[in-house]
Amino acid sequence: QVQLVESGGGLVQAGGSLRLSCAASARTFNRLHMGWFRQAPGKERDFVGRISWSGGTTEYADSVKGRFTISRDNIKNMLYLQMNSLQPEDTAVYFCAAATLWVAGGTSVRHFNYWGQGTQVTVSS
(Lines give C-alpha, C1' and ligand atoms only; values in the text may rest on other atoms or scores of the structure.)
Protein backbone atom coordinates (compact mmCIF):
# COMPACT_ATOMS: atom_id res chain seq x y z
CA GLN A 1 0.00 0.00 0.00
CA VAL A 2 1.25 3.45 -0.90
CA GLN A 3 0.16 6.56 0.94
CA LEU A 4 1.00 9.99 -0.40
CA VAL A 5 0.63 13.26 1.48
CA GLU A 6 1.17 16.62 -0.18
CA SER A 7 2.14 19.84 1.58
CA GLY A 8 3.45 23.29 0.79
CA GLY A 9 0.49 24.81 -0.99
CA GLY A 10 -0.73 28.30 -0.28
CA LEU A 11 -1.42 31.76 -1.61
CA VAL A 12 1.26 33.53 -3.63
CA GLN A 13 1.38 36.59 -5.84
CA ALA A 14 1.97 36.32 -9.57
CA GLY A 15 5.67 35.97 -10.29
CA GLY A 16 6.31 34.28 -6.97
CA SER A 17 7.49 30.79 -6.10
CA LEU A 18 6.28 27.82 -4.09
CA ARG A 19 7.75 24.43 -3.32
CA LEU A 20 5.39 21.52 -2.94
CA SER A 21 6.38 18.36 -1.11
CA CYS A 22 4.94 14.87 -1.19
CA ALA A 23 5.74 12.39 1.56
CA ALA A 24 5.40 8.74 0.58
CA SER A 25 4.87 5.89 2.98
CA ALA A 26 5.89 3.14 0.58
CA ARG A 27 8.91 1.05 1.45
CA THR A 28 9.33 0.61 -2.30
CA PHE A 29 9.36 4.34 -3.01
CA ASN A 30 12.63 4.04 -4.90
CA ARG A 31 10.92 1.69 -7.36
CA LEU A 32 8.02 4.03 -8.05
CA HIS A 33 7.84 6.59 -10.79
CA MET A 34 6.28 9.77 -9.48
CA GLY A 35 4.22 12.56 -10.95
CA TRP A 36 2.41 15.80 -10.25
CA PHE A 37 -1.01 16.69 -11.58
CA ARG A 38 -3.27 19.67 -11.02
CA GLN A 39 -6.97 20.31 -11.18
CA ALA A 40 -8.64 23.69 -11.43
CA PRO A 41 -12.31 24.12 -10.47
CA GLY A 42 -14.59 22.64 -13.10
CA LYS A 43 -11.72 21.24 -15.12
CA GLU A 44 -10.09 17.87 -15.61
CA ARG A 45 -7.02 16.75 -13.74
CA ASP A 46 -4.04 17.71 -15.89
CA PHE A 47 -0.52 16.37 -16.06
CA VAL A 48 2.18 18.70 -14.73
CA GLY A 49 5.26 16.52 -14.76
CA ARG A 50 6.77 13.18 -13.84
CA ILE A 51 10.07 11.73 -12.73
CA SER A 52 11.46 8.23 -13.08
CA TRP A 53 12.32 6.06 -10.08
CA SER A 54 15.98 7.03 -10.25
CA GLY A 55 15.35 10.70 -10.90
CA GLY A 56 17.27 10.38 -14.13
CA THR A 57 14.36 11.15 -16.40
CA THR A 58 11.84 13.96 -16.12
CA GLU A 59 9.03 15.10 -18.33
CA TYR A 60 6.91 18.24 -18.13
CA ALA A 61 3.75 19.68 -19.58
CA ASP A 62 4.47 22.45 -22.06
CA SER A 63 2.60 24.91 -19.87
CA VAL A 64 5.12 24.57 -17.02
CA LYS A 65 8.32 23.73 -18.86
CA GLY A 66 11.12 26.03 -17.79
CA ARG A 67 9.22 27.23 -14.71
CA PHE A 68 8.60 24.06 -12.70
CA THR A 69 11.14 21.46 -11.58
CA ILE A 70 10.44 18.01 -10.18
CA SER A 71 12.92 16.29 -7.92
CA ARG A 72 12.96 13.40 -5.47
CA ASP A 73 14.90 12.13 -2.48
CA ASN A 74 14.78 8.35 -2.35
CA ILE A 75 16.41 8.28 1.07
CA LYS A 76 13.73 10.46 2.64
CA ASN A 77 10.88 9.07 0.50
CA MET A 78 10.07 12.58 -0.68
CA LEU A 79 8.94 14.11 -3.97
CA TYR A 80 9.16 17.84 -4.68
CA LEU A 81 7.77 20.34 -7.13
CA GLN A 82 9.57 23.67 -7.31
CA MET A 83 7.31 26.22 -8.97
CA ASN A 84 8.73 29.53 -10.13
CA SER A 85 7.25 32.45 -12.05
CA LEU A 86 3.77 31.43 -10.95
CA GLN A 87 0.81 32.84 -12.82
CA PRO A 88 -2.91 33.01 -11.96
CA GLU A 89 -3.55 30.20 -14.44
CA ASP A 90 -1.43 27.93 -12.25
CA THR A 91 -4.12 28.12 -9.56
CA ALA A 92 -5.34 24.61 -8.86
CA VAL A 93 -5.27 21.73 -6.45
CA TYR A 94 -1.98 19.92 -6.96
CA PHE A 95 -1.81 16.16 -6.60
CA CYS A 96 1.11 13.84 -6.10
CA ALA A 97 0.84 10.45 -7.83
CA ALA A 98 2.81 7.23 -8.08
CA ALA A 99 3.12 4.81 -10.97
CA THR A 100 4.51 1.29 -10.95
CA LEU A 101 5.34 1.40 -14.65
CA TRP A 102 7.01 4.01 -16.83
CA VAL A 103 5.03 4.07 -20.05
CA ALA A 104 6.11 6.07 -23.08
CA GLY A 105 3.67 8.94 -23.28
CA GLY A 106 2.23 7.86 -19.96
CA THR A 107 1.07 11.27 -18.78
CA SER A 108 -2.60 10.65 -18.19
CA VAL A 109 -4.37 9.95 -14.93
CA ARG A 110 -4.89 6.30 -15.85
CA HIS A 111 -1.13 5.66 -15.90
CA PHE A 112 -0.81 6.35 -12.17
CA ASN A 113 -1.81 3.88 -9.49
CA TYR A 114 -1.74 5.88 -6.26
CA TRP A 115 -2.80 9.41 -5.40
CA GLY A 116 -2.51 11.93 -2.62
CA GLN A 117 -5.32 14.13 -1.36
CA GLY A 118 -4.00 17.29 -2.95
CA THR A 119 -2.84 20.71 -1.82
CA GLN A 120 -4.31 24.03 -2.92
CA VAL A 121 -2.17 26.54 -4.78
CA THR A 122 -3.65 29.97 -5.39
CA VAL A 123 -1.85 32.61 -7.43
CA SER A 124 -3.19 36.14 -7.19
CA SER A 125 -2.75 38.69 -9.94
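Cut-offs and rules
- Residues numbered from 1 in each chain as written.
- Predicted model: local features only at pLDDT ≥ 70, side-chain atom pairs only at ≥ 80, totals over all residues.
- Heavy atoms only, no water.
- Helix = DSSP H or I, 4+ residues; strand = E, 2+ residues; numbered from the N terminus.
- Buried < 20%, exposed > 50% of the residue type's maximum accessible area, 1.4 Å probe, protein only.
- Core = buried A, V, L, I, M, F, W, Y, C linked by side-chain atoms within 4.5 Å.
- Contact = heavy atoms within 4.5 Å.

How should I be thinking about unusual backbone geometry in this particular structure?
In terms of backbone geometry, most residues other than glycine have negative phi values and most peptide bonds are trans. Unusually for a residue other than glycine, asparagine 77 sits at a positive phi of about 55 degrees. Tracing the backbone through its elements, the reader meets asparagine 77 in the loop between strand 7 (68-73) and strand 8 (78-83). Judged by its relative accessible area of 19%, asparagine 77 is buried. Here the phi dihedral of serine 85 falls at roughly 50 degrees; this positive angle occurs in a residue that is not glycine.

I would appreciate a short explanation of the nonpolar core in the present structure.
Within soluble globular proteins, side chains that are nonpolar generally end up buried alongside one another. Counting residues in hydrophobic clusters, the biggest one holds 34 residues, and the most contacted among them are Met34, Trp36, Leu81, Met83 and Tyr94. Of all elements in the fold, only strand 3 (18-24), strand 4 (33-39), strand 5 (45-51), strand 7, strand 8, strand 9 (92-99) and strand 11 (119-124) reach the threshold of two or more residues within this core. Each residue touching leucine 81, except ones within four places of it in the same chain, is listed here: Leu18, Arg19, Leu20, Trp36, Val48, Phe68, Thr69, Ile70 and Tyr94.

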